[in-house]
Amino acid sequence: MGRLPFIIAACVLITAFDVYFYKAIVAVFKKWKPLTKKIFAIVYWSYSFLLIIGVFAGIYLNLFLTLRAIILVAFFLTVACKMAMLPFLILDDLRRLFVRIFKKKEVIKDQPVSEVEPISRSEFLVKAGLVAAAVPLTSLSWGIISGAYDYQIRRVNLILPNLPKAFDGITMGQISDIHSGSFYNKTAVKGGVEMLLAEKPDFIFFTGDLVNNLTNEVRDYQDIFSKVKAPLGVYSSLGNHDYGDYYFGKESSPAKVKNLKDMVDVHKIMGYDLLMNENRKLKVDGEEIGILGIENWGMGRFPKYGKMELAVQNTDDLPVKLLLSHDPSHWRGEVLQKYPQIDAMFSGHTHGMQFGVRLKEYQWSPVQYIYKEWAGLYQEQQQQLYVNVGYGFLGYPGRVGILPEITIFTLKRA
C-alpha cells in the first residue's frame, strides 16, 4: 500500500501533461475537420486511459510477463516522447507570455489585438517538438528491438601478482543483473546462456539481482539458468533487488522472510553456490585461492546487509582472494579502506544505465555522474574491481549503446 499514493500522484501528473500536450497538438492542427478532431480525441484519451489502467494492472495483478512487458514498453516510450516535446511547448508558452507582457497593443478596427485574436502557439515550435519526440521514439524503439538481448562477450586479462601457478591461464565467466522479471523472450535469454557455456569457463560468478522484486519472477526462466554450469563451480551473491525490499518495504514480515528463503532455495536448485558473508576455497592441483561473497552493501539509499568481517574469516593463508559484491560503491566505500587483502572484486548493479557509448578506448553513460566505477576494469594500487553492465534490464526494456554483457576473464600471473 505504501506505493499507492506515489503511483496515484504520478498518474495525476501524467494526466496533467496529457491535457497540456493535447491542447498544443489541437491548436497547431486547427484546420482538421470536426470528424478528424473527434477521432483524434477518442484515440488520444483512450490510449492515455488504458495506459494508466495498464500500469495499475501490471503492478497489482498477476499478469503474464509478455503483457506486462508490452505495458511497460508503451508507458516508457510515451513518457520519453512527451519529455522530448515538453521543452518546445514550455518555450512557446514563455514566448507567448513575453508577447502579452511587453508587446504594445496594436489596434485593428479600433480594437486591441489581444481582444480580437488570442495569442496562438507557434506552429513551428510545436511541430519541432513533435519532431523531437520522434527521436527518442526511434532510438529507444531500436534499443528494444535490437539491444535488449544483443549479448556481447567481453574478454579481460586479469593480472593477479600472487596467483598460484596452477591457476595461470584458468578462465572465469561473469554475468550479473539478470532481472528475470523483465524478460519477455525466452529464446533470446536461452541464446545468451548458450553463448556463455560455449566459452567453457572453468568457473562462473553471478553477482546478484536475479529478480526485480519477488523470487517467483524467476520461475519461467529457472530451467534456463540452471544450465549455467562450470567444472569448478558457479558462485553467486545477492543484489539489492533480491531481498524483496522494493515490494514488502524495508521492515521485516513473514512474507518477506519467506521470499528471501525462496531466493536462497532457488540458488540451490539451480546449482549456484550462494555466498552470504562467507567464503570458499577453490583448489586446483593442490593449490588454492579464496572466493568470498557478501550480501548487498551499497552507498546511499541501498541496503548494507553485507558483513565483510565474516566473509574474510580464515582466508589469511590464501594468496589470492576474489570477492563477489553486487554494488561497485562497496569497493570505494569499504574494501579499499579496510580490506587490502582483497585482490579483485566483481560487481554489477549499474547496468551502465542501459544507455550510452561503449567503445574499446572510450565509454560514456549518464550513470558515470552517479558511480565513479560503473563499467569495466578499475585498479588502485594492487586492488582491482570489475563492473559488469548486466545480462538483463530494468525499467526501460532495452539497451542503447550499453549492450548486455557476458564477461570472460583469463587469470594470469604478473
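Since the model is a prediction, treat every value here as computed from it, not as a measurement. (Residues numbered from 1 in each chain as written. Predicted model: local features only at pLDDT ≥ 70, side-chain atom pairs only at ≥ 80, totals over all residues. Heavy atoms only, no water.)

### Comments concerning the overall build of the protein chain
Link 1 in the chain: Counting its secondary structure elements, the protein chain contains 11 helices and 16 strands.
Link 2 in the chain: Of the contacts formed within the protein chain by residues at least 6 apart in sequence, a portion of 76% connects residues at least 24 apart.
Link 3 in the chain: Put simply, the protein chain shows about 20,800 Å² of open surface, and 63% of that area lies on carbon and sulfur atoms. (Helix = DSSP H or I, 4+ residues; strand = E, 2+ residues; numbered from the N terminus. Contact = heavy atoms within 4.5 Å. Areas by Shrake-Rupley, 256 points an atom, 1.4 Å probe, with all protein chains shown as cover.)

### Let's talk about empty space enclosed by the protein
Any empty space left between atoms is shown by rolling a water-sized probe over those atoms.
Link 1 in the chain: Taken as a whole and judged by the stated rule, the model has one cavity of 30 Å³ or more.
Link 2 in the chain: Quantified by volume, the largest cavity comes out at close to 60 Å³.
Link 3 in the chain: Lining the largest cavity we find I14, D18, S48, L51, I52, F75, T78, V79 and K82.
Link 4 in the chain: When contributions to the lining of the largest cavity are tallied by element, the ones reaching two or more residues are α1 (4-28), α2 (34-60) and α3 (65-102).
Link 5 in the chain: The leading source of residues in the lining of the largest cavity is α3, at four residues.
Link 6 in the chain: Considering only residue class, the lining of the largest cavity consists of five nonpolar, two polar and two charged. (1 Å grid on protein atoms, 1.4 Å probe; cavity = no way out; pocket = protein on both sides within 12 Å on 5 of 7 lines; lining within 4 Å. Points joined across faces, edges and corners; volume = space filled by probe spheres on them. Nonpolar A, V, L, I, M, F, W, Y, C, P; charged D, E, K, R; others polar.)

### So, the pattern of salt bridges
Link 1 in the chain: Per the stated rule, a full pass over the model turns up 11 salt bridges.
Link 2 in the chain: Among the salt bridges present, the one from K256 reaches D245, with a minimum N-O distance of 2.6 Å. Within this pair, whereas K256 is found in helix α9 (residues 254-270), its partner D245 is found in helix α8 (residues 245-248), the two being separated by 11 residues in sequence.
Link 3 in the chain: Its salt-bridge partner being K258, residue D262 comes within 2.9 Å of it at the nearest N-O pair. Here K258 and D262 lie together in helix α9, a separation of four residues that amounts to about one turn.
Link 4 in the chain: You can call D262 partly exposed: its relative accessible area is 26%. (Salt bridge = Lys/Arg side-chain N within 4 Å of Asp/Glu carboxyl O. Buried < 20%, exposed > 50% of the residue type's maximum accessible area, 1.4 Å probe, protein only.)

### Considering the sheet that holds strand β4 (residues 171-175)
Link 1 in the chain: Taken together, the six strands give an open sheet; going across it, the order is β3-β16-β4-β5-β6-β7, and neighbouring strands pair in mixed fashion. Both edges of this open sheet fall to β3 (152-159) and β7 (273-274), since each of them pairs with a single strand only.
Link 2 in the chain: Pairing of strand β6 (residues 234-236) with β7 involves two bridges; the strand directions are parallel. Across the sheet, residue Y235 finds its bridge partner in β7, namely D273. (Pairing = 2+ DSSP bridges.)

### Comments concerning helix α11 (residues 329-338)
Owing to its 3.6 residues per turn, the α-helix aligns residues three or four sequence positions apart on the same side.
Link 1 in the chain: Restricting attention to buried positions, one finds in α11 the residues S329, H330, W331, E334, V335 and L336.
Link 2 in the chain: At its buried positions, α11 is contacted by α10 (308-311), β10 (321-324), β11 (344-347), β14 (376-380) and β15 (383-387).

### Regarding the sheet that holds β15
Link 1 in the chain: Read from one edge of the open sheet, six strands run β8-β9-β10-β11-β15-β14, paired in mixed fashion. Since the sheet does not close on itself, it has two edges, and those belong to β8 (278-284) and β14, each with one partner. Taking the axes of each pair of neighbouring strands and ignoring which way they run, one obtains an average angle of 20° across the sheet.
Link 2 in the chain: In terms of strand pairing, strand β9 (residues 287-293) meets β10 through four bridges, oriented parallel. (Axes fitted to C-alpha atoms, helices over the stretch in contact; angles between N-to-C directions.)

### A closer look at the packing of aromatic side chains
Link 1 in the chain: Under the counting rule described, the total for this entry stands at 27 aromatic pairs.
Link 2 in the chain: A ring pair is formed by Y149 and Y151, whose centres lie 6.5 Å apart and whose planes are at 65°; its orientation type is edge-to-face.
Link 3 in the chain: According to the relative accessible area criterion, Y149 is buried, its value standing at 15%.
Link 4 in the chain: Residue classification places Y151 among the buried positions, given a relative accessible area of 6%.
Link 5 in the chain: Each residue in the set Y149, Y151, F183, Y184, Y221, F225, Y391 and F393 is aromatic and connected to the rest through ring pairs, giving one cluster.
Link 6 in the chain: Of note, K186 hangs over the ring of Y221, and the distance from its end group to the ring centre comes to 5.9 Å.
Link 7 in the chain: Between the NZ or CZ atom of K304 and the centre of the ring of W297, over which it lies, the distance is 5.0 Å. (Phe/Tyr/Trp six-rings, centres within 6.5 Å; stacked < 30°, edge-to-face > 60°. Lys NZ or Arg CZ within 6 Å of the ring centre and 35° of its normal.)

### A few points about the side chain of D343
Link 1 in the chain: In this structure, D343 sits in the loop between α11 and β11.
Link 2 in the chain: Within the buried core, D343 has no salt-bridge partner, and the shortest N-O distance to an opposite charge, that of K321, equals 5.2 Å.
Link 3 in the chain: From its side chain, D343 meets the backbone nitrogen of K321 in a polar contact 2.8 Å long.
Link 4 in the chain: Not counting residues within four places of it along the chain, the set of residues in contact with D343 comprises L160, N162, P319, V320, K321, Q382, Q383 and Q384. (Lys, Arg positive; Asp, Glu negative; His and termini not counted. Polar contact = N/O pair within 3.5 Å; in protein donor to acceptor, adjacent residues only side chain to side chain.)

### Thoughts on the pairing of β11
Link 1 in the chain: Alternating positions in β11 separate into two faces, A344 and F346 on one and M345 and S347 on the other, with burial throughout.
Link 2 in the chain: The pairing of β10 with β11 spans three bridges and is classified as parallel. Directly across from L322, in β11, lies its bridge partner A344.
Link 3 in the chain: Taken together, β10, α11 and β11 constitute a β-α-β crossover, and its handedness is right-handed.
Link 4 in the chain: Here β11 runs beside β15; their pairing, made up of four bridges, is parallel. The residue bridging S347 from the neighbouring strand is V387, located in β15. (Right-handed = clockwise from strand over helix to strand, strands pointing away.)

By themselves, these are just geometric observations and shouldn't be taken as functional.
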